[in-house]
Amino acid sequence: MPESHPFDKSILDKLEALQAKYAAMGQDLNSYLDGLLHADFLTYWDYINLDTLLSLQHPITPFPDEEIFIIYHQITELYFKLSLHEFQQLQQADAMDSSVMLKRVNRINRYFEALTHSFEIMVDGMDKDQFLKFRMSLLPASGFQSAQYRMIEIHATSFDRLLKEEFRAAHADHTPGDLMGLFDKIYWKAGAVELSSGDKTLTLKQFEQKYDDILMELAENCFGANLRSFWKNLAPGQQTDELRNALRWLDVNVNINWPLSHYKSAVRYLQKNPEDIAATGGTNWQKYLPPRFQKRIFYPELWNETEQAEWGKGWVEKEVFGVK
Ligand code: HEM
C-alpha cells in the first residue's frame, strides 16, 4: 500500500531541490530543517533595525528643535546612500548601454527631487530662536563635512569638473597620475575658509584629516568609471534623447535645485552683513553656496554657452524643461 502524506507535489519538489542544494555543499538538510523549526518569525522591527534607528538621535542641547535638525540630516544622508548605491551598481554593470544608465540616473534624480522638495522642513520647520542657540553648541561641525555628498560628485563626473572654475579647462585631459596634484584645486577646499583671514576653518581641516585619503582613492577608482565617462563612451546610437535629458536633470538637481533649497535655509537663519560674519570667525558662505558663483556643471557638453553662463539663475527649469 503506498504511503500517504499531506504534502502536495510542489512541496516535495522543493524538498528535493533543497536536498540537492545542501548536499552539493556537503550539508545535511535535516539539520537545517531543525533550525527552521526553532527559528522565530521575522518581525518588521527586527528586519529594519527599528530600535537602533530610533536610538540614533542624541541632541546635545535642551532645545526641542535640535531633534528636527538631527533627523533631517540623517534622512538626507540616507538618500545620499541610496544615490551612491545606484552609482556603485552602475560601475559594476556587466555591459553599459542607455537603458542601464537611464534606470540608475532616474532613480538618483528621484532621490534628489525628494530631498529638494522636503528642504522646507529646514527652511521653515524650526524656530529661528532655538536654531540660533543650539547651533552654537554644534560648532565647528557643519553639513559641509558630509563625505557622501562629495562621493556623489566624484561618481557623477570627471575630476576636472570638480575643480575651481579657473582650473577646469586646463585639466580637462588629466590622467590618473595627475589626480593627486589636482586634489588641492577641488572647489570645496575654498568653501570653508574664514572670511576675515582667508585661512582654512577647523571644519575643513578636520574634514581633510578624516576623508582626504578616502576621497582620493575613490577619485582614482572613478577615473574612467564615472557617469560622465560612461555617457561619453556609449556606443553610437546609445546617446538617446531620453538619457541626455535625464543627465541634464541630474545636473540641475545636484548642482542647482538642491544647493538653492539648502541656500535658502542658510539665508533664513544666518543672514548677516559680511563684516559681522567676519567678526565671529564665520565663513564666506554667501559667496560660496549660490550655484551661480561656482558654476558646478557635471556635463558641460549637454549645455550650450548661454545655459552655462546663466547657470543657477533660476530660469533653467522653466526655460529648458518647460516646467511651470
Ligand atoms: C538650517 C539648516 C542649515 C543651515 C543654516 C546650513 C548652513 C550651511 C552653511 C553656512 C554652509 C557653508 C559651510 C559652512 O559655513 O559651514 C553649509 C554647507 C553645507 N551644508 Fe548646510 N546648512 C543647513 C542644513 C543642511 C542639511 C540638512 C544638509 C544635509 C546633509 C546640509 C549639507 C551641507 C553641505 C553638503 C554643505 C557643503 C555645500 C557645498 O560644498 O557646496 N546642510 N551649510
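Scroll up for the structure.
All values reported here derive from a predicted model rather than from experimental measurement.

About the cut-offs
- Residues numbered from 1 in each chain as written.
- Predicted model: local features only at pLDDT ≥ 70, side-chain atom pairs only at ≥ 80, totals over all residues.
- Heavy atoms only, no water.
- Donors = N, O, S within 2.8 Å, 3.2 Å for Na, K, Ca; no water.
- Helix = DSSP H or I, 4+ residues; strand = E, 2+ residues; numbered from the N terminus.
- Core = buried A, V, L, I, M, F, W, Y, C linked by side-chain atoms within 4.5 Å.
- Buried < 20%, exposed > 50% of the residue type's maximum accessible area, 1.4 Å probe, protein only.
- Contact = heavy atoms within 4.5 Å.
- Near = heavy atom within 4 Å.
- Polar contact = N/O pair within 3.5 Å; in protein donor to acceptor, adjacent residues only side chain to side chain.
- Nonpolar A, V, L, I, M, F, W, Y, C, P; charged D, E, K, R; others polar.

Caption draft 1: The coordination of the iron atom of the ligand, seen in detail. When only protein atoms are considered, the iron atom of the ligand has one donor, H262 (NE2), at a distance of 2.1 Å. Positionally, H262 belongs in helix 14 (residues 241–270).

Caption draft 2: Spotlight on the nonpolar core. If you look at the biggest cluster of nonpolar residues, it comprises 69 residues, and the most contacted ones within it are M101, F159, W188, L227, L247 and Y299. Looking at which element gives the most residues to this core, the answer is helix 14, with twelve residues. With residues near it in sequence (within four places) discarded, L247 still touches V105, L227, W231, Y299 and L302.

Caption draft 3: Spatial organisation of the site of the ligand. In the region of the ligand, 25 residues are neighbours, and S142, R150, H262, T283 and Y288 sit closest. Taking Y288, its side chain carries an N or O atom lying 2.4 Å from an oxygen atom of the ligand. Interatomic distance of 3.0 Å between a side-chain N/O atom of R296 and an oxygen atom of the ligand. Those elements that place two or more of their residues in the shell around the ligand are helix 5 (65–91), helix 9 (147–156), helix 14 and helix 16 (285–288). The biggest single contributor to the shell around the ligand is helix 14, with six residues. Counted by class, the shell around the ligand contains 16 nonpolar, seven polar and two charged residues.

Caption draft 4: Expanded view of the environment of Q57. Among the structural elements, Q57 can be located in the loop between helix 4 (50–53) and helix 5. Classification of Q57 by relative accessible area gives buried; the value is 15%. Along the backbone, Q57 and W311 are 254 residues apart, and their C-alpha atoms lie at a distance of 37 Å. When neighbours within four sequence positions are excluded, Q57 is seen to be in contact with E67, I70, I71 and Q74. For Q57, the side chain forms a polar contact with the main-chain oxygen of L53, separated by 3.3 Å.

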